[in-house]
Amino acid sequence: MEEKISVVKSEYIISAVGKKQYPEEKLSEIVFIGRSNVGKSSLINSLTRRKNLARISQTPGKTQTINFYKVDLKISVEENLIYKNFYLVDLPGYGYAKTSKTNRKLWAKFIEEFLLNSREIKFVCQLIDLRHEPQYSDKKMFAWLVEKNLPVLTIATKSDKLSKTEQKKNLVVIKNSLGVDEESVLPYSSKTNEGRTDLLEVIANSLLKIERKGN
């Protein structure tokens, strides 16, 4: 059966540490953020079905720039096919990283500059490891995003490493810790692609709303 939402093409565009380096072409942006080693690169590769689109490292803090990936979607709506593209924006991980305090401050500065000044952001995907209770840095980041009126979808990564019973239990912990409702947390496994269809649907709906508003 053909997917209602499919990735037609995905490609790395550019890495940036300031607005002068952002892509010239303006597109809607779906932003990924999370603690170092939470699985952002693996999720990007799973979502796009490109094994090495985003480089995977076992070393926390490997992503040191804002990375822009252009993704083209084919969306089936009733009997129509709609093509939309967007930037998937991968931000450096927060929390523990094998780098200097000076570097972490520099990362925080250009991450904040991007999040506060980009007018193309549709929502932010905050990745949290489903195996553990949200850490202080997770809760601090979530509260900051909410304070700045940035829509947030919490993605609970590495769901394949837990049983279904453990998943349900830990999802409740995440929801209670962040003070969000059930629909605001999406379990995801980059290994089995659990959650991929749901995430693509959220992205497609966000892009289509923009299109319909303009009509």
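The present account deals with the structure reproduced in this document. Residue indices begin from 1 for each chain and proceed along its sequence in written order. Side-chain atom pairs in this predicted model are given and counted only at pLDDT of 80 or more, local residue features only at pLDDT of at least 70, and totals for whole chains, interfaces and linings cover all residues. Computation of side-chain values covers all heavy atoms of the structure but excludes hydrogens and water.

1. Overview of the overall build of the chain
Item 1. Where helices and strands are cited, they refer to DSSP runs of H or I of at least four residues and of E of at least two residues respectively, numbered from the N terminus. A tally of helices and strands in the chain yields 5 helices and 7 strands.
Item 2. When the helices and strands of the chain are placed in sequence order, the string is β-β-α-β-β-α-β-α-β-α-β-α.
Item 3. Exposure is judged per residue with a 1.4 Å probe applied to protein chains only, and the accessible area is read against the type maximum: over 50% gives exposed, under 20% gives buried, and values in between give partly exposed. Considering the chain as a whole, with its 215 residues, one finds that 49% of them fall into the buried category.
Item 4. Residue contacts are counted whenever heavy atoms from the two residues lie within 4.5 Å of one another. Excluding contacts between residues fewer than 6 apart, the proportion of contacts in the chain whose partners are at least 24 apart in sequence is 75%.
Item 5. For the chain, the accessible surface area stands at approximately 12200 Å², while carbon and sulfur atoms represent 47% of it. For accessible areas, the Shrake-Rupley method is used with a probe of radius 1.4 Å. Any residue's cover is judged against the shown protein chains and nothing else.

2. Things to note about the sheet that holds strand E4 (residues 80-90)
Through backbone hydrogen bonds, the strands of a sheet pair up, either in parallel or in antiparallel fashion.
Item 1. Any two strands between which DSSP finds at least two bridges are classified as paired. Within the open sheet, the 7 strands sit side by side as E1-E3-E4-E2-E5-E6-E7. Their pairing is mixed. Two strands bound the open sheet, and with one partner strand each, they are strand E1 (5-16) and strand E7 (185-187). Neighbouring strand axes in the sheet, compared pairwise and without regard to direction, differ in orientation by 25° on average.
Item 2. Taken together, the 6 bridges between strand E2 (residues 29-34) and strand E5 (residues 121-129) define a ladder with parallel strand orientation. Each residue of the ladder has a partner; that of Val31, found in E5, is Val124.
Item 3. All axes are obtained by fitting lines to C-alpha atoms, using only the stretch in contact for helices, and the reported angles, taken between N-to-C directions, cover 0 to 180 degrees. Sheet strands in contact with helix H3 (residues 136-147) are E2, E5 and strand E6 (152-157), and its direction is about 165° off that of E5.
Item 4. Most of the contacts of helix H4 (residues 164-178) go to E7, to which it runs at about 155°, and overall it touches E5, E6 and E7.

3. Side note on the nonpolar core
Item 1. Nonpolar cores were defined as sets of buried Ala, Val, Leu, Ile, Met, Phe, Trp, Tyr and Cys residues, with membership established by side-chain atoms within 4.5 Å. Of all hydrophobic cores here, the largest spans 31 residues; its most connected members are Phe32, Leu73, Cys125, Leu199 and Ile203.
Item 2. The leading source of residues in this core is helix H5 (residues 196-214), at 6 residues.
Item 3. When sequence neighbours within four positions are dropped, the list of residues in contact with Leu73 reads Ile5, Ser6, Val7, Val8, Ile82, Tyr83, Lys84, Phe86, Leu200, Ile203 and Leu207.
Item 4. Counting 21 residues, the second largest nonpolar core, distinct from the first, contains Ile33, Tyr87, Val89 and Leu150.

4. Overview of H4
Item 1. The first and last C-alpha atoms of H4 sit 21 Å apart over 15 residues, in line with the 21 Å expected at 1.5 Å per residue.
Item 2. Within the sequence span of H4, burial applies to Gln167, Asn170, Leu171, Ile174, Lys175 and Leu178. Each buried residue of H4 sits inside an arc of 145° when the element is viewed along its axis, so together they form one side. Turned more than 90 degrees away from the buried face of H4 sit Thr165, Lys168, Lys169 and Asn176, all of them exposed.
Item 3. Contacts from the buried residues of H4 go to E5, H3, E6 and E7.
Item 4. Backbone geometry just downstream of H4 places Gly179 in the positive-phi region, at approximately 70°. Under the convention used throughout, the expected extent of a helix is 1.5 Å for every residue step, that is, one less than its residue count. The arc in question is the one spanned by the directions pointing from the helix axis to the C-beta atoms.

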